[in-house]
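Descriptive structure summary
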Amino acid sequence: MNLRHFFRRSTVTKISKLHGRGLSSYSSGYRFGVATSSCTPPLFHPPGAYHASSFSNGPKNPIFHKPFCRYTHTVQQVNLNDSSSNVDLESENDATMNEFLSRFVWIMRKKLSEAYPDCDKKTIDGMLAIIVEKVVSEMEKGGLEQMTGSAASTPSEDFSEDLWRAVWEVSNVVLQDMEKEKKKEKMKIFLQSEEVKEMYRFAGEVGIRGDMLRELRFKWARQKMEESEFYESLEQLHKEDAQTESPGKEHLRKEIAGGEEGVEMMIMWVKVADKVHKSSEVMWPQEPKPISGRCKLVTDKILSLQEADDPAPLLREWIGLLQPSRVDWIAFLDRLKEQNSHIYFKIAELVLGEESFHANVRDYSKLIDSLAKENRLEDAERILTKMNENGILPDVITLTIVVHMYCKSGNLDRAKEAFESSRAHGFQPDMKVYNSMIRAYVNAGQPKLGESLMREMETRDIKPTKEIYMALLRSFAQVGDVNGADRISTTMQFAGFQPSQESCALMVEACERAGNLDQARHNFDQMMKLGHKPDDRCTASMIAAYEKKNLLDKALNLLLELEKDGIEPGLLLILFLLIGSASWSFLMKLNRY
């Protein structure tokens, strides 16, 4: 006979309400029925030496006392075998009860076995039968609901204090586990919802990866679950309210006026009203307060301030007059930025510290971006420092802005720090960030580090632009790195960019700076075959290569060949030679020829 047959429907309802909501109806797979004909061991109160004995220190050979030697003829032996074939025929409440009892017996059996290691299975089953019967009787009286969450309960007449405490502790653990299981199953449903999947895909597309992406997905699913639970509770309240007509409502008001039940209901309705109010704010955004009278005069004074003026006194007066909310601050800052951009940055920085503004990470990032565009690096760094001091962590947008800012200012170390920080947070750089970092490396004379980022872009299927390739090629040419320049030139061709006059001229320049005359002439001839005419800069590089080897006749022949082909060197050739490595004596010899 299954234990659930001992319970009335009212008991099932009481168990379901223990945590304010129905417990999980998912069966754990542990099925059982209870009992055996067995005497109770001395962990129950006998009239003897073991009356106050500890549950954990019970005797190894339990002695059965006649006053407490009871036979449970109404139940059968405890059986934990799986009987899932009957689950489909049970109602939801029966499944909930079976879930509770199966978990309870499973844990309690272990505790009894540990406390009485010398007792055989039949004796342990007898103990379980009596314990479960007592728990059932308390459920019938509503005792379990009253005692849930208590660390220690008043001992029963039959059980020792330690056993009674253990019973209630196990009951609490079981109920908490069932509630967690229910939430976990519900969470799985929302993790697979279309809205959460869509946000997850979008976050991945903008570059969010790793642990942060997983955390965001669980956060969005939890928010959707809380939103669903809120609307379910609201719908339930509406149904209850609809069932209560005018006489009932009058009676409800009287109950609310006094008594603990009325207070609890009032608190519940206050919470509902707050949530409804917040929801309405999202659907219908607030409008800024109208500014008039003295507040308008103060506003005009602020708008007319000069950059050197201190806006703090007028701003405090304005706050006292208007008592602004966030929407008022935003409207005021937009107007200030439009009409007086010089004083805007000062006031925007002050506003970030105002409690009524409720500054978030986006407010900081917008101000930092505006300051960076105005080349106000120190001010932007000060805002970034305040942001960290206030415990607001930079997001991907803020870190991207910081990377661009430091790259533009030439502060490579700070740019690298911001770049690595963004990747440590799981953010993947986009094309703009890569472009800024590569140009920063190029400007710092470190083209190899820029090339490594270019290779990283290729592995992520982000195609570098022609401008990135040319910037790297130009940097390799300036330092005379022929191998690096050749790698970039070859990669450009594989990427679909054909050699241009500029790229060929840069290859000639790289070879000239490296002192590789033959390779320089090869690249020069290759450029001519491709139909590109050498400009004065390219010609100067070639002549400088001959000058390093003191081959004046070959330099002159080159100029004569160019003249036959209709390419006449201009004054820029002499300028490039003077700027380059050609000596004055070499130029004089060319002039005599």
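Residues numbered from 1 in each chain as written. Predicted model: local features only at pLDDT ≥ 70, side-chain atom pairs only at ≥ 80, totals over all residues. Heavy atoms only, no water.

For the rest of this paragraph, the subject is the overall build of the protein. Across its full length, the protein holds 27 helices and 0 strands. For the protein, contacts bridging at least 24 residues in sequence account for 71% of all contacts bridging at least 6. As displayed, the protein offers around 33,200 Å² of accessible surface, 52% of which is attributable to carbon and sulfur atoms. (Helix = DSSP H or I, 4+ residues; strand = E, 2+ residues; numbered from the N terminus. Contact = heavy atoms within 4.5 Å. Areas by Shrake-Rupley, 256 points an atom, 1.4 Å probe, with all protein chains shown as cover.)

Before going further, it helps to spend a moment on the confidence of the model for the protein. On average, residues of the protein score 75 in pLDDT, and 68% of them reach the 70 mark or higher. Predicted confidence for residues 1–89 stays below pLDDT 50, and this span has 213 contacts to residues more than four positions away or in other chains. Scored below 50 in pLDDT, residues 149–153 shows 9 contacts in the model against residues more than four places distant or in partner chains. (pLDDT = per-residue confidence, 0-100.)

Next up on the list: the nonpolar core. Ile302, Trp318 and Ile347 are the most contacted members of the largest nonpolar core, which totals 70 residues. Among the elements that line this core, the one with the most residues is helix H20 (residues 466–478), at 8 residues. Ignoring sequence-local partners within four residues, the contact set of Trp318 consists of Ile291, Cys295, Val298, Thr299, Ile302, Gln323, Pro324, Asp328, Trp329 and Phe332. With 24 residues, the next largest nonpolar core counts Phe104, Leu112, Ala166 and Met178 among its residues. (Core = buried A, V, L, I, M, F, W, Y, C linked by side-chain atoms within 4.5 Å. Buried < 20%, exposed > 50% of the residue type's maximum accessible area, 1.4 Å probe, protein only.)

Before going further, it helps to spend a moment on the UniProt feature "repeat: PPR" (unreviewed entry) in the protein. The feature "repeat: PPR" (unreviewed entry), as given by UniProt, occupies residues 360–394, 395–429, 430–464, 500–534 and 535–569 in the numbering adopted here. Between the first and last C-alpha atoms of residues 395–429 the distance is 13 Å; the span itself is 77% helix and 0% strand. Across residues 430–464, the secondary structure splits into 74% helix and 0% strand, with the terminal C-alpha atoms separated by 11 Å. (UniProt positions renumbered as here; feature names shortened; annotations may be inferred.)

Along its 13 residues, H20 runs 18 Å from first to last C-alpha, staying within 8% of the 18 Å computed at 1.5 Å per residue. Of all the positions in H20, only Ile468, Tyr469, Met470, Ala471, Leu472, Leu473, Ser475, Phe476 and Ala477 are classed as buried. Looking at the buried positions of H20, the neighbouring elements they touch are helix H18 (431–443), helix H19 (447–459), helix H21 (482–494) and helix H22 (501–514). Gly480 sits one or two positions beyond H20 and adopts a positive phi of about 70 degrees. (Expected span 1.5 Å × (residues − 1).)

Moving on, we come to the environment of Ile392. Structurally, Ile392 can be placed in the loop between helix H15 (377–389) and helix H16 (396–409). Between the alpha carbons of Ile392 and Tyr364 there is a distance of 9.1 Å; along the sequence they are 28 residues apart. Apart from residues lying up to four places away in sequence, Ile392 is in contact with Ala359, Val361, Tyr364 and Met387.

What follows is about the pattern of salt bridges. In total, this model carries 31 salt bridges according to the counting rule given. For Lys121, the salt bridge identified is with Asp125, shortest N-O distance 3.1 Å. One end of the pair, Lys121, and the other, Asp125, are both in helix H3 (residues 121–141), 4 residues apart, so they sit about a helical turn from each other. Taking the relative accessible area as the measure of exposure, Lys121 reaches 48% and is therefore partly exposed. What makes Asp125 buried here is its relative accessible area of 0%. Salt bridges sharing common partners tie together Glu349, Arg376, Asp379, Arg382 and Lys386. (Salt bridge = Lys/Arg side-chain N within 4 Å of Asp/Glu carboxyl O.)

A separate point is the packing of aromatic side chains. According to the stated counting rule, one finds 7 aromatic pairs in the structure shown. Every member of this aromatic cluster is reached through a ring pair, and the members are Trp318, Trp329 and Phe332. If you follow Arg217 out to its NZ or CZ, it ends over the ring of Tyr200, 4.7 Å from the centre. A cation over a ring is seen here: Arg326 above Phe357, with NZ or CZ 4.8 Å from the ring centre. (Phe/Tyr/Trp six-rings, centres within 6.5 Å; stacked < 30°, edge-to-face > 60°. Lys NZ or Arg CZ within 6 Å of the ring centre and 35° of its normal.)

Time to look at the packing of H18 against H20. Look at H18 against H20: their axes get within 10 Å of each other, and the N-to-C directions meet at 15 degrees. Taken together, H18 and H20 sit at an angle that is classed as roughly parallel. Between H18 and H20 lies a crossing whose hand is left-handed. Counted together, Met431, Asn435, Ile438, Arg439 and Val442 of H18 and Glu467, Ile468, Ala471, Leu472 and Ser475 of H20 form the full contact between these two elements. (Axes fitted to C-alpha atoms, helices over the stretch in contact; angles between N-to-C directions. Parallel < 35°, antiparallel > 145°, perpendicular 65-115°, else oblique. Left-handed = near helix turned anticlockwise from the far one by under 90°.)

Moving on, we get to the side chain of Thr398. Inspection of the secondary structure puts Thr398 in helix H16. Given a relative accessible area of 1%, Thr398 falls into the buried group. Engagement of the side chain of Thr398 in a polar contact is seen with the side chain of Asp395, the distance being 2.7 Å. Apart from residues no more than four positions distant in its own chain, Thr398 is found in contact with Val361, Arg362, Ser365, Ile368, Leu384 and Met387. (Polar contact = N/O pair within 3.5 Å; in protein donor to acceptor, adjacent residues only side chain to side chain.)

Two elements in contact, H20 and H21, have axes separated by 8 Å at closest approach and are oriented at 160 degrees. Judged by the angle between their axes, H20 and H21 are roughly antiparallel. Crossing of H20 against H21: the hand is left-handed. In this structure, H20 contributes Lys466, Tyr469, Met470, Leu472, Leu473 and Phe476 to the contact, and H21 contributes Gly484, Ala485, Arg487, Ile488, Thr491 and Met492. Across the contact of H20 with H21, the residue classes break down as 8 nonpolar, 2 polar and 2 charged. (Nonpolar A, V, L, I, M, F, W, Y, C, P; charged D, E, K, R; others polar.)

What follows concerns helix H23 (residues 517–529). End to end, H23 covers 18 Å across 13 residues, agreeing with the expected 18 Å (1.5 Å per residue, within 8%). Turning to H23, its buried residues number three or more, namely Leu517, Ala520, Asn523, Phe524 and Met527. Take H23 and look down its axis: the buried residues cluster within an arc of 130 degrees, on one side only. Pointing more than 90 degrees away from the buried face of H23 are the exposed residues Asp518 and Lys529. Structurally, H23 contributes buried residues whose contacts are with H22, helix H24 (536–548) and helix H25 (552–564). (Arc of directions from axis to C-beta.)

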